[in-house]
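Residue-level structure breakdown
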Amino acid sequence: MTEDNRNEEETDALPEPEGATEIIDTDYEVGQDNISPRIGPFGLDIHNPVFVVSGLVVVAFVIITLAFQNAVGPMLGDLRVFLTSTFDWFFLIAGNIFVLVCLGILVSPLGKVRIGGADATPDYSYLGWFAMLFAAGMGIGLMFFGVLEPAYYFATPWGDQPLSGQLGIVEGELVDPAAVEAARLSAMAGTIYHWGLHPWAIYAIVALSLALFAYNKGLPLTVRSIFYPIFGERIWGWPGHIIDILAVFATLFGLATSLGLGAQQASAGIGFVFGIEGVDESVTFAVILIVVITAMALISVLRGLDGGVKRLSEINMVLAVVLLGFVILVGPTMLLVGQFFGNLGAYLSEIVALSNPVGRDDDGFRQGWTAFYWAWWISWSPFVGMFIARVSRGRTVREFITCVLLIPTVISAIWMTAMGGTAINQMIEHVTDSAVYGYVVEAYVPELSLFGMLSELPMATVTSLIAIVLVMVFFVTSSDSGSLVIDTITAGGKINAPVSQRVFWVIFEGLVAAALLIGGGLLALQAAAVSTGLPFAIVLLLACYALIRGLMSEPR
Amino acid sequence: MYRKIAVPVDLFHADQITRALDVAADLAGHYGASLHFIGVTAETPTAVAHNPAEFAQKLEAFAAEQGKRHGVAVSGTARTSTDPAVDVDKVLLRAIADCGADLVVMASHVPGISDYLWGSHGGHIAAHAEISVFVVR
């Protein structure tokens, strides 16, 4: 209650909008807490506590994880399981609130507010904008889970089916056709649920809040600014420092662990395509891949947002469309087109049951998958949200939610239908002889599931190569945009800090990933990153409130 | 000899480029030229301005103040960049070409500020601009 009263006072103190936007009147000047040390030839411009503390914490954490990995690893793993199985209801409720808030804003008059003020014009075309938001936010997951997740729900006997649905294949035998179709639809609906409205709503809330408070309210582009309506001027002190440090922490560890795991995936793929034994086991090879990915990310950040990040994202999108188009065209095209509408229908008709937080018995699915995903998306949201915010100036809120929530959901559904649908069709046709069955059910080798599906289509070598390149480029585009975000947060919201700083973060990220890969502990750290999902979920619920208050005081 | 002198300025460090501003004003007085101030800002809020519109106003005020102090004709261009840490030189060169100036006067390295600031930019502009560039050190 005291919290609410304070909110009232703070927001009442805000000035009424006059002119194009309602600037928040604060004495804080962007960069006022920054220090400019010189290290050798490099001049820096960094936010004092945030850069120093997050840098030290990251180094300490890596050392501790490496030194005590046998103790820390299981502990963090247990913590993750504890959080997702105890607070699954909370994650599900929070996810639903994010979707409802987004849809509510979309249909309300608040949708007319323009990011950057009434006269702002967009910096990027729809295509460039789209390419960047997909490449930063989801691309790599789509590559990894596109085949794996639908195939997993359809055929694995470990009891993780959505809403405790039936299996399509039991003990190596297809069940009767009607039940197979039901299992297929249920698998696709469950997958699209995890890649549809909910994750994008999480990103959209963070991105929209950041964009609003930076471009319309004139606060620095850093995560703490969202909470100005709640904490007021105290946001420039330690409450804000902690929020920013947490954001840096989640971003760096999220990226580093994904980079490490992705390098292992890519090397497994290379071993598969070229028939090299043992490459997937070889840490050296994975480290070489990390070096290559980091070098590409370095070139990208040195070329800047337009010349590097955007261009690479566009290349990425073209490759993804080629792969998607190929799978759809050489596969059972008309069947997939038909299935797409069926899958979307199944998703929409089951979304209420799937997102219901209580009274369900599908613990494996709800806790092991849904709650884990929600925690994972939430822990990535400061990074993806901040990047989306930066490139979204000039769009109206309605346009923004349509393009960050609705269209990506449809694209995710198309992708899952093509990749997962083709894999399930292969399993229905060849049952235990299909490669996907081999990698997902018989021997669980998730990183090869995509390559298994491609191997049964024509030109498997070419498409597998495209897939490997895509995995790597998706990592580059996550790594470069993530480095820009960390650099901005640790520079107190300045996007024109010296270039040497972003170089530092790109290299640091690669080093952390390589160190963890060599020393073990990648999964432990991933568990740690996911564990930040719970505190952040609470933080994001507060952000919903701040966002709506902020939008209401803007001219429409 | 010169009609319009382009003067790129960093409003955040305006107090540290007075030498370049004085040189530009002297030259303008000597040749009867006008001064054209060019400023580049990020689209995100900065220490100078909350948004590009406010930045443009501040640049205009800065130009007017310079014109009054030195008694020369002034104008100004405010440009934005999505990634000024990397693109600022490119944006400046385009603005210099667009404004039709025949001379650039700009400050070079200001001691005590991080490396990326106008120091190296002066060199870059001198190397790539199509008109004469006077780098004030």
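The paragraphs below set out a description of the structure included in this document. (Residues numbered from 1 in each chain as written. Chains lettered and ligands numbered in written order. Predicted model: local features only at pLDDT ≥ 70, side-chain atom pairs only at ≥ 80, totals over all residues. Heavy atoms only, no water.)

**Describing the overall build of chain B**
Check the secondary structure of chain B and you find four helices and five strands. Secondary structure elements in chain B, listed N-terminal to C-terminal, are β-α-β-α-β-α-β-α-β. Its C-alpha radius of gyration of 14 Å places chain B within 12% of the 14 Å reference for a compact globule of 137 residues. Along the first, second and third principal axes, the C-alpha set of chain B runs to 40 × 30 × 30 Å. Burial analysis of chain B (137 residues in total) assigns 56% to the buried set. Contacts spanning at least 24 positions in sequence make up 74% of the contacts within chain B whose residues lie at least 6 apart. Accessible area of chain B: about 6,000 Å², with a carbon and sulfur share of 51%. Seen as two clouds, the 10 positive and the 15 negative side-chain charges of chain B have centres 5 Å apart. (Helix = DSSP H or I, 4+ residues; strand = E, 2+ residues; numbered from the N terminus. Rg over C-alpha atoms; globule rule 2.2 N^0.38 Å. Buried < 20%, exposed > 50% of the residue type's maximum accessible area, 1.4 Å probe, protein only. Contact = heavy atoms within 4.5 Å. Areas by Shrake-Rupley, 256 points an atom, 1.4 Å probe, with all protein chains shown as cover. Lys, Arg positive; Asp, Glu negative; His and termini not counted. Charge placed at Lys NZ, Arg CZ, Asp CG, Glu CD.)

**Some remarks on the layout of surface pockets**
Residue and element names in this part refer to chain A. There is about 920 Å³ of room inside the largest pocket. Considering the residues around the largest pocket, the lining is formed by 37 residues, among which Phe 144, Phe 145, Leu 261, Gln 265 and Gln 526 are closest to the centre. Class assignment for the residues of the lining of the largest pocket results in 22 nonpolar, 10 polar and five charged. (1 Å grid on protein atoms, 1.4 Å probe; cavity = no way out; pocket = protein on both sides within 12 Å on 5 of 7 lines; lining within 4 Å. Points joined across faces, edges and corners; volume = space filled by probe spheres on them. Nonpolar A, V, L, I, M, F, W, Y, C, P; charged D, E, K, R; others polar.)

**A look at the pattern of salt bridges**
Residues and elements named next belong to chain A. A full pass over the atoms with the stated rule returns 14 salt bridges over all chains. The partner of Asp 362 in a salt bridge is Arg 360, with the nearest N and O atoms 2.9 Å apart. There is no split in this pair, since Asp 362 and Arg 360 are both buried. Residues Glu 399 and Arg 395 are paired through a salt bridge, measuring 3.1 Å at the closest nitrogen-oxygen approach. Accessibility classification places Glu 399 together with Arg 395 in one group, the buried group. Through salt bridges that share partners, Asp 88, Arg 360, Asp 362, Asp 363 and Arg 366 make up one connected network. (Salt bridge = Lys/Arg side-chain N within 4 Å of Asp/Glu carboxyl O.)

**So, the nonpolar core**
Counting residues in hydrophobic clusters, the biggest one holds 193 residues, and the most contacted among them are A:Phe400 and A:Met453. Ranked by the residues each element gives to this core, the list is headed by helix H13 (residues 363-390) of chain A, at 17 residues. Not counting the four nearest positions on each side in its chain, A:Phe400 is found in contact with A:Ile115, A:Trp129, A:Ala204, A:Ala207, A:Leu208, A:Ile388, A:Ser392 and A:Leu405. One finds B:Val7, B:Ile17, B:Ala33 and B:Ala63 within the second-largest nonpolar core, a separate group that totals 26 residues. (Core = buried A, V, L, I, M, F, W, Y, C linked by side-chain atoms within 4.5 Å.)

**Considerations on the interface of chain A and chain B**
On the side of chain B, 20 residues touch chain A, which itself brings 31 residues to the contact. Summed over both sides, the interface between chain A and chain B buries roughly 2,000 Å², with carbon and sulfur atoms accounting for 54% of that surface. Joining chain A to chain B, the criterion identifies two salt bridges. As a salt-bridge pair, A:Arg502 and B:Asp83 come within 2.8 Å of each other at their nearest N and O atoms. Summed over the shared surface of chain A and chain B, the number is six residue pairs in polar contact (both at pLDDT 80 or more). Those elements that provide at least two residues to the side of chain A that touches chain B are helix H8 (197-216), helix H11 (283-330) and helix H18 (499-519) of chain A. For the side of chain A that touches chain B, the element with the highest residue contribution is H11(A), accounting for six residues. (Buried area = accessible area lost by both parts, 1.4 Å probe. Polar contact = N/O pair within 3.5 Å; in protein donor to acceptor, adjacent residues only side chain to side chain.)

**Things to note about the sheet that holds strand S2 (residues 34-42) of chain B**
Residue and element names in this part refer to chain B. Here five strands make up an open sheet; going across it, the order is S3-S2-S1-S4-S5 and the pairing parallel. The outermost strands of the open sheet, each flanked by one partner alone, are strand S3 (74-81) and strand S5 (132-136). The sheet shows a mean angle of 25 degrees between the axes of neighbouring strands, taken without regard to direction. When strand S4 (residues 103-107) meets S5, the two strands line up parallel, connected through five bridges. Looking at the pairing, Leu 103 lines up with Ser 132 of S5. Sheet strands in contact with helix H1 (residues 18-31) are strand S1 (4-8), S2, S4 and S5, and its direction is about 155 degrees off that of S4. Where helix H3 (residues 84-99) meets the sheet, it contacts S1, S2, S3 and S4, and its direction lies at approximately 150 degrees from that of S2. (Pairing = 2+ DSSP bridges. Axes fitted to C-alpha atoms, helices over the stretch in contact; angles between N-to-C directions.)

**Things to note about empty space enclosed by the protein**
Space left empty within the atom packing is revealed by a probe, the size of a water molecule, rolled over the atoms. All names here are of chain A. This structure, assessed with the given rule, holds six cavities of 30 Å³ or more. Of the volumes computed, that of the largest cavity is approximately 70 Å³. If you go around the largest cavity, the residues you meet are Met 143, Phe 144, Gln 265, Ala 266, Pro 446, Glu 447, Ser 449, Leu 450, Phe 451 and Val 471. Every element with two or more residues in the lining of the largest cavity is listed here: helix H6 (139-155), helix H10 (238-274) and helix H16 (449-455). Across the lining of the largest cavity, the residue classes break down as seven nonpolar, two polar and one charged.

**Considering the side chain of A:Asn216**
Examined against the element boundaries, A:Asn216 turns out to sit in helix H8. At a separation of 2.6 Å, a polar atom in the side chain of A:Asn216 contacts the main-chain amide nitrogen of A:Gly116.

**Observations regarding the packing of helix H19 (residues 522-531) of chain A against helix H20 (residues 533-552) of chain A**
Residues and elements named next belong to chain A. Following both chains from N to C, one finds H19 and H20 inclined at 20 degrees, their axes separated by 5 Å at the closest point. By the angle between their directions, the pair H19 and H20 is classed as roughly parallel. Side by side, H19 and H20 meet where Ala 529, Val 530 and Ser 531 of the first sit next to Gly 533, Leu 534 and Pro 535 of the second. Grouping the constituent residues of the contact of H19 with H20 by class yields four nonpolar, two polar and no charged. (Parallel < 35°, antiparallel > 145°, perpendicular 65-115°, else oblique.)

**Quick word on the packing of aromatic side chains**
Residue and element names in this part refer to chain A. If you walk through the whole model with that rule in mind, you get 39 aromatic pairs over all chains. For the ring pair Tyr 152 and Tyr 153, a centre distance of 6.2 Å and an interplane angle of 80 degrees mean the geometry is edge-to-face. Summarising the aromatic geometry, the rings of Tyr 373 and Trp 377 are spaced 5.9 Å apart at their centres and angled 10 degrees between planes, so their arrangement reads as stacked. Of this pair, Tyr 373 and Trp 377 both sit in helix H13, separated by four residues, roughly a single helical turn. (Phe/Tyr/Trp six-rings, centres within 6.5 Å; stacked < 30°, edge-to-face > 60°.)

**A few points about the environment of A:Glu314**
All names here are of chain A. Positionally, Glu 314 belongs in helix H11. Glu 314 sits in the partly exposed class, given a relative accessible area of 28%. Separated by 178 residues in the primary sequence, Glu 314 and Gly 492 place their C-alpha atoms 29 Å from one another. The residues touching Glu 314, leaving out its near neighbours within four places in the chain, are Gly 128 and Ala 131.

**Topic: H3(B)**
Among the residues of H3(B), those classed as buried are B:Pro84, B:Ala85, B:Asp87, B:Val88, B:Asp89, B:Val91, B:Leu92, B:Leu93, B:Ala95, B:Ile96 and B:Cys99. In the stretch just after H3(B), B:Gly100 is the one whose phi turns positive, near 75 degrees.

**Describing the packing of H10(A) against helix H17 (residues 460-490) of chain A**
Residue and element names in this part refer to chain A. The N-to-C vectors of H10 and H17 enclose an angle of 165 degrees; their axes lie 10 Å apart at closest approach. Taken together, the axes of H10 and H17 are roughly antiparallel relative to one another. In the packing of H10 onto H17, the handedness of the crossing is left-handed. Among the residues forming the contact of H10 with H17, the class breakdown is 16 nonpolar, 11 polar and one charged. (Left-handed = near helix turned anticlockwise from the far one by under 90°.)

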